[in-house]
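Coordinates in review
Spelled out from the first residue to the last, the chains are:
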Amino acid sequence: MTTDGKALRMRRLSRTGDGKHLFVPLDHSVSDGPVSDRSHWDDLVRAIAGGGADALVVHKGRARTLDPSALGECGLVVHLSASTAHAADTDAKVLVGDVDDALRLGADAVSVHVNVGSDTESRQLADLGLVAGACQRWGIPLLAMIYPRGPRIADPRDVTLLSHAVNIAADLGADLVKTAVPADPARMSEVVESCPLPVLCAGGAPDARDLEVAAAELMDAGCAGLAIGRRIFTSENPAVTVARLAAVVHAQNPAALSEPLLTTGVA
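Residues numbered from 1 in each chain as written. Predicted model: local features only at pLDDT ≥ 70, side-chain atom pairs only at ≥ 80, totals over all residues. Heavy atoms only, no water.

Taken across its 5 residues, strand β1 (residues 21-25) has 5 buried, putting it largely inside the fold. The two faces of β1 match: His21, Phe23 and Pro25 on one face and Leu22 and Val24 on the other face are all buried. Pairing analysis gives 3 bridges linking β1 to strand β10 (residues 225-227), with the strands arranged parallel. Bridge pairing in β10 places His21 opposite Gly225. With 3 bridges joining them, β1 and strand β2 (residues 55-59) adopt parallel strand pairing. Each residue of the ladder has a partner; that of Val24, found in β2, is Leu56. (Buried < 20%, exposed > 50% of the residue type's maximum accessible area, 1.4 Å probe, protein only. Helix = DSSP H or I, 4+ residues; strand = E, 2+ residues; numbered from the N terminus. Pairing = 2+ DSSP bridges.)

Structure, rendered in structure tokens:
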């Protein structure tokens, strides 16, 4: 039996081999500002990797600063899209890297952000299709981070819109898709059932619910995993937060970790 490069890399994105994923995006440093000061960056990466995250998501320049030993068995996803909170149109995304950049950095996958319903939707869709073609040629998985966002979107958590968004990712060549959680998290099962790709849930807006309980509900709804950033890197103990979420994602027993995960922030 022969296995292509994309299949091998997809396997590395799930540490237990069960096809489930806990990704930790740290790309917020472009959109919102630093996620950690310089002296604590390696410690944060080690905590996330050591806690059991399946992959870290960073931009190409930040990837160059990673200590390879800090990653351990944690995969690397290089994010190719960018915008900042100071832009005239914060829903606009542009490509700031390519698949060649990611491969030179040793990435296991790349990711692209698309806001469906934004004023620049057509450009973002074209970028997704362009990157998907390169990923197919080079055998590297593509994570589409795709959301209903923009002036024509009344409810960005509407189940019909979320289902449309994840299927755009499938139709344009992504291998994994990340999107928002519906207002009623139980209805995430409808989004998952609509799509042939593994669906990962974003961290969502902060609320008073225990993060571990919310994660379990989403996994029970059929999600292939979670992509949670700020709720991890702003937590008091990122390693413990990651370990408990990884236990939920990979259906392990987190019984020894008894304190509730009440964290804040969004992914």
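By size, the foremost hydrophobic cluster in this structure holds 83 residues, and its most contacted members are Phe23, Leu26 and Leu56. If we skip the residues at most four places from it in the chain, Leu26 touches Val35, Trp41, Leu44, Ile48, Leu56, Val57, Val58 and Phe233. (Core = buried A, V, L, I, M, F, W, Y, C linked by side-chain atoms within 4.5 Å. Contact = heavy atoms within 4.5 Å.)

Strands sit in the order β1-β2-β3-β6-β7-β8-β9-β10 around a closed barrel of 8 strands; the barrel is parallel. Across the sheet, the mean angle separating the axes of adjacent strands is 25° when strand polarity is ignored. Strand direction decides the pairing type here: strand β8 (residues 176-179) and strand β9 (residues 199-202), joined by 3 bridges, are parallel. Bridging across to β9, Lys178 finds its partner in Leu200. Where helix α8 (residues 159-171) meets the sheet, it contacts β6 (109-116), β7 (142-148) and β8, and its direction lies at approximately 150° from that of β7. (Axes fitted to C-alpha atoms, helices over the stretch in contact; angles between N-to-C directions.)

Looking now at the confidence of the model for the protein chain. Of all residues in the protein chain, 91% have pLDDT values of 70 or greater, and the mean over the chain is 92. Contacts from residues 254-260, a stretch scored under 50 in pLDDT, to residues over four places away or in other chains number 8 contacts. Note on residues 262-267: pLDDT is under 50 here. Beyond four places in sequence and across chains, it has 28 contacts. (pLDDT = per-residue confidence, 0-100.)

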